[in-house]
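An overview of the molecular structure
Listed here are the chains, written in short residue letters.
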Amino acid sequence: MQAVLTENKDVYQQALENFDLAANALGLEEDIRAMIKYPERELTVSVPVRMDNGHIRHFRGYRVQHNTTRGPAKGGIRYHPAVTREEVAALATWMTWKCAVVNIPFGGGKGGVACNPKELTMGELERLTRRYASGILPLIGPTQDIPAPDVYTNPQIMAWIMDTYSMTKGYTIPGVVTGKPLTLGGSLGRGEATGRGVYFTVDSAAEHLRIPLRGAKVVVQGFGNAGSVAAHLLDSAQSYVVAVSDTRGCIYNRDGLDIPKLILHKERTGTVLGFPGSETISAADLLALECDVLIPAALENTIDGANAGMVKARIVAEAANGPVTPEADRILESRGVFLIPDILCNAGGVTVSYFEWVQDEQHLFWEAQDVYGRLERVMKTAFNDVLKVHRERGVGMRVAANMVGIGRVAEAVRLRGLYP
Ligand code: NAD
């Protein structure tokens, strides 16, 4: 357990280090840094749950609001054994800059419960979710803080949170969470929004580098929600997705994997392993494959100082949050790898969450094509805003994205001033 805690402390340090790099490049005043660097609110809740065997088990939950200057806090809820307050604080910090990079009127928040949802029954998961939701109830609300799914949480869990919140208020409030089922006020296109956003930024990066997507070789680490959708769209654009992985292992086919069939295989068997026509390779071999695009879409810190030197991709597209450590960043940059940083690359999810919230508030729902078209415009505008800073200021893409995000939050803080 200690190792996990240390690793997660590193993630928060990483968030602070990235802030400092961008703040220095912006020449940000110390007063503004003091106002926006640290989380506004952090809540730790005890989550006692009656298990199916009749005994009560204790879990620990968190909700962190990093910054709400530009609007309500926005960010997912993660159920994972390695969740810690530091990890949640890091993810909340990234959400602030991410919402600002895509210029949507939200601040940053994040939540999590340290648990292994794979070991819980549906009944236990529902009781855990409702108890956690009542614990964080004072912080959340459609104008205050709006949770969404993250790793190992899903639309059903959002429905339970929405119901718990609505029951305590006495009427139905769909806008308290996003990523809900469609029948409860969810948005068309939300489920695949992150992967679709990843695809739009990869498309923009490939165009910038003059790499045709047709025929490009793609490797995806983490074939979950974000990774599989990005793989599917790239496959549709006639790229070759040659290797993918999940927690159980990695598979490879030099001629490209049949992604629609692989998605069905993963649904049926729970893993990518054993897919007909593929061979199993190691995680290290997957990262070292010659390819045009590498998409880390699993968890934090999967590309670090030890393995970054093996990466042969021309573009690394961070579908996951924080998959590349600061040391690995320096190595990739020195090797001329073009990075699409997480707060830009995976911002499609929060962007369509924003669309969902707008639709809930207006009680007026959009067609899928409206969602896709608006998402493409937002993602491509954000990509160009970041690319402009990257080129004009001669900084790496991560620093450039942080400069855009932090710069927008700083501007809002300057205009609002310090209360009282
Ligand atoms: P998910 O649970 O659907 O998928 C994660 C996948 O990664 C799973 O297939 C899992 O087996 C695999 N995985 C986990 N550890 C791995 C490892 N060490 N090596 C290889 N594979 C591994 O989760 P998701 O929603 O796709 O989220 C993935 C990442 O994307 C997370 O970092 C998350 O914060 C980020 N993200 C997701 C969204 C979203 O809307 N889903 C939005 C923004 C960012």
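The structure presented is a predicted model; accordingly, all values stated were derived computationally and were not measured.

So, on to the packing of helix 6 (residues 193-209) against helix 12 (residues 348-362). The description of two helices packed together rests on the angle between their axes and the distance between the axes. The geometry of helix 6 relative to helix 12 is characterised by a closest axis approach of 7 Å and an angle of 125 degrees between their N-to-C directions. As the angle between them shows, helix 6 and helix 12 are arranged oblique. Crossing geometry of helix 6 relative to helix 12 is assigned as right-handed. Counting all contacts with helix 6, which are made through A193, T194 and G197, the residues of helix 12 involved are G348, G349 and V352. Of the residues contributing to the contact of helix 6 with helix 12, the split by class is two nonpolar, four polar and no charged.

Considering only enclosed or pocket space, the second largest pocket measures out at about 340 Å³ in volume. As for the second largest pocket, its lining consists of 18 residues, of which D329, E333, G396, M397 and R398 are closest to the centre. Within the residue set of the lining of the second largest pocket, elements represented by two or more residues are helix 1 (2-26), helix 10 (326-334), strand 12 (338-340) and helix 14 (397-416). Looking at the lining of the second largest pocket element by element, the count peaks at five residues for helix 10. Here the residues of the lining of the second largest pocket sort into nine nonpolar, five polar and four charged.

This part is about unusual backbone geometry. The omega torsion across Y419 and P420 is 0 degrees, close enough to zero to call that bond cis. You can see P420 is positioned in the segment after helix 14. In this structure, Y152 is a non-glycine residue whose phi angle is positive, near 60 degrees. With respect to the secondary-structure elements, Y152 resides in the loop between strand 5 (145-149) and helix 5 (155-169). Unlike most non-glycine residues, N301 shows phi in positive territory, near 60 degrees. The topology assignment puts N301 in the loop between strand 10 (293-296) and strand 11 (315-317). Judged by its relative accessible area of 16%, N301 is buried.

Counting 93 residues, the largest nonpolar core has I36, V244, L262, I295 and I340 as the members making the most contacts within it. In terms of residues, this core owes the most to one element, helix 3 (residues 85-101), which gives eleven residues. Residues from two domains meet in this core; each of domain 1 (2-171) and domain 2 (193-336) gives at least three. Setting aside residues no more than four positions away along its own chain, L262 makes contact with F223, V244, I251, L257, V272 and F275. Core analysis: the next-biggest nonpolar cluster, separate from the first, contains 26 residues, V45, I77, I173 and V177 among them.

Here helix 7 (residues 225-236) spans 17 Å end to end across twelve residues, near enough to the 16 Å set by a 1.5 Å rise per residue. Within helix 7 the residues assigned to the buried category are A226, G227, S228, V229, A230, A231, L233 and L234. Looking at the packing, one finds that the buried side of helix 7 touches helix 6, strand 6 (217-221), strand 7 (240-246), helix 8 (259-269) and strand 10. Among the residues trailing helix 7, Q238 stands out with phi positive, at a value near 70 degrees.

The subject of this paragraph is the confidence of the model for the protein. Overall, the prediction assigns the protein a mean pLDDT of 96, with 98% of residues at 70 or greater. The model gives residues 1-9 a pLDDT under 50, and that stretch makes ten contacts with residues more than four places away or in other chains.

The rules behind each value
- Residues numbered from 1 in each chain as written.
- Predicted model: local features only at pLDDT ≥ 70, side-chain atom pairs only at ≥ 80, totals over all residues.
- Heavy atoms only, no water.
- Axes fitted to C-alpha atoms, helices over the stretch in contact; angles between N-to-C directions.
- Helix = DSSP H or I, 4+ residues; strand = E, 2+ residues; numbered from the N terminus.
- Parallel < 35°, antiparallel > 145°, perpendicular 65-115°, else oblique.
- Left-handed = near helix turned anticlockwise from the far one by under 90°.
- Contact = heavy atoms within 4.5 Å.
- Nonpolar A, V, L, I, M, F, W, Y, C, P; charged D, E, K, R; others polar.
- 1 Å grid on protein atoms, 1.4 Å probe; cavity = no way out; pocket = protein on both sides within 12 Å on 5 of 7 lines; lining within 4 Å.
- Points joined across faces, edges and corners; volume = space filled by probe spheres on them.
- Buried < 20%, exposed > 50% of the residue type's maximum accessible area, 1.4 Å probe, protein only.
- Core = buried A, V, L, I, M, F, W, Y, C linked by side-chain atoms within 4.5 Å.
- Domains from an automatic or database assignment.
- Expected span 1.5 Å × (residues − 1).
- pLDDT = per-residue confidence, 0-100.

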